[in-house]
Amino acid sequence: QVQLVESGGGLVQPGGSLRLSCAASGSIFSINAMGWYRQTPGNQRELVANITSGGSTNYLDSVKGRFTISRDNAKNTVYLQMNSLKPEDTAVYYCNARAVEQPDSWGQGTQVTVSS
């Protein structure tokens, strides 16, 4: 199994920045890709950004140019740098790991609130 522990959420004003971290442990050798999803109450989780084992990245259109996903392989950690935050970015953010022949792994979720 892959275990994911998230940190870095909090309350920030519009235009501010946060950096989310996701540390993976367990069967980390089996991970193909990691990403960040977000969810608001009553809504579907949406993919915000992901990064593959080869280093390719993808972003939700609404966060392009503001968010950056990165990876530190030595620390088995993925980051999401969020700049120019908007109120509509408010959500619970979940780290995700896709591994070979395993169900997706999820972090516990971290709340990001963007408010004046």
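Residues numbered from 1 in each chain as written. Predicted model: local features only at pLDDT ≥ 70, side-chain atom pairs only at ≥ 80, totals over all residues. Heavy atoms only, no water.

1. Focus on the overall build of the protein chain
Okay, step 1: In terms of regular secondary structure, the protein chain is built from zero helices and 11 strands.
Okay, step 2: Secondary structure elements of the protein chain occur, N-terminal to C-terminal, as β-β-β-β-β-β-β-β-β-β-β.
Okay, step 3: Computed over its C-alpha atoms, the radius of gyration of the protein chain comes to 13 Å, within 12% of the 13 Å expected for a compact globule of 116 residues.
Okay, step 4: Its C-alpha atoms give the protein chain principal-axis dimensions of roughly 40 × 25 × 20 Å. (Helix = DSSP H or I, 4+ residues; strand = E, 2+ residues; numbered from the N terminus. Rg over C-alpha atoms; globule rule 2.2 N^0.38 Å.)

2. Here we look at the packing of aromatic side chains
Okay, step 1: As enumerated under the stated definition, the model contains one aromatic pair in all.
Okay, step 2: Sitting above the plane of the Tyr 79 ring, Arg 19 keeps its charged end 4.0 Å from the centroid.
Okay, step 3: The lysine or arginine in question, Arg 45, covers the ring of Tyr 94, its NZ or CZ lying 3.6 Å from the ring centre. (Phe/Tyr/Trp six-rings, centres within 6.5 Å; stacked < 30°, edge-to-face > 60°. Lys NZ or Arg CZ within 6 Å of the ring centre and 35° of its normal.)

3. Focus on the nonpolar core
Okay, step 1: Counting residues in each nonpolar core, the largest one holds 27 residues, and the members touching the most others are Leu 4, Met 34, Trp 36, Phe 67, Leu 80, Met 82 and Tyr 93.
Okay, step 2: Here this core gets five residues from one element, more than from any other, and that element is strand β9 (residues 91-99). (Core = buried A, V, L, I, M, F, W, Y, C linked by side-chain atoms within 4.5 Å. Buried < 20%, exposed > 50% of the residue type's maximum accessible area, 1.4 Å probe, protein only.)

4. With respect to the side chain of Arg 38
Okay, step 1: In this fold, Arg 38 is placed in strand β4 (residues 31-39).
Okay, step 2: Within the structure, Arg 38 has its side chain in polar contact with the side chain of Asp 89 (distance 2.9 Å).
Okay, step 3: In this structure the side chain of Arg 38 is engaged in a polar contact, spanning 2.9 Å, whose partner is the side chain of Tyr 93. (Polar contact = N/O pair within 3.5 Å; in protein donor to acceptor, adjacent residues only side chain to side chain.)

5. Quick word on the state of the cysteines
Okay, step 1: Applying the stated rule across the entire model yields one disulfide.
Okay, step 2: Sulfur-sulfur distance for the disulfide between Cys 22 and Cys 95 comes to 2.0 Å. Since a negative S-S torsion denotes a left-handed disulfide, the Cys 22-Cys 95 link at about -85 degrees is left-handed. In this pair, Cys 22 sits in strand β3 (residues 18-26) while Cys 95 sits in strand β9, placing the two residues 73 residues apart along the sequence. Pair check on accessibility: Cys 22 and Cys 95 agree, each one buried. (Disulfide = S-S within 2.5 Å.)

6. What about the sheet that holds strand β7 (residues 67-72)?
Okay, step 1: Pairing within the open sheet is antiparallel, and its four strands lie in the order β1-β3-β8-β7. The sheet is open, and its two borders are formed by β1 (2-7) and β7, each paired with just one other strand. On average, each strand axis in the sheet is inclined to that of its neighbour by 20 degrees, with strand direction left out of account.
Okay, step 2: Examined bridge by bridge, β7 and strand β8 (residues 77-82) share six bridges and lie antiparallel to one another. (Pairing = 2+ DSSP bridges. Axes fitted to C-alpha atoms, helices over the stretch in contact; angles between N-to-C directions.)

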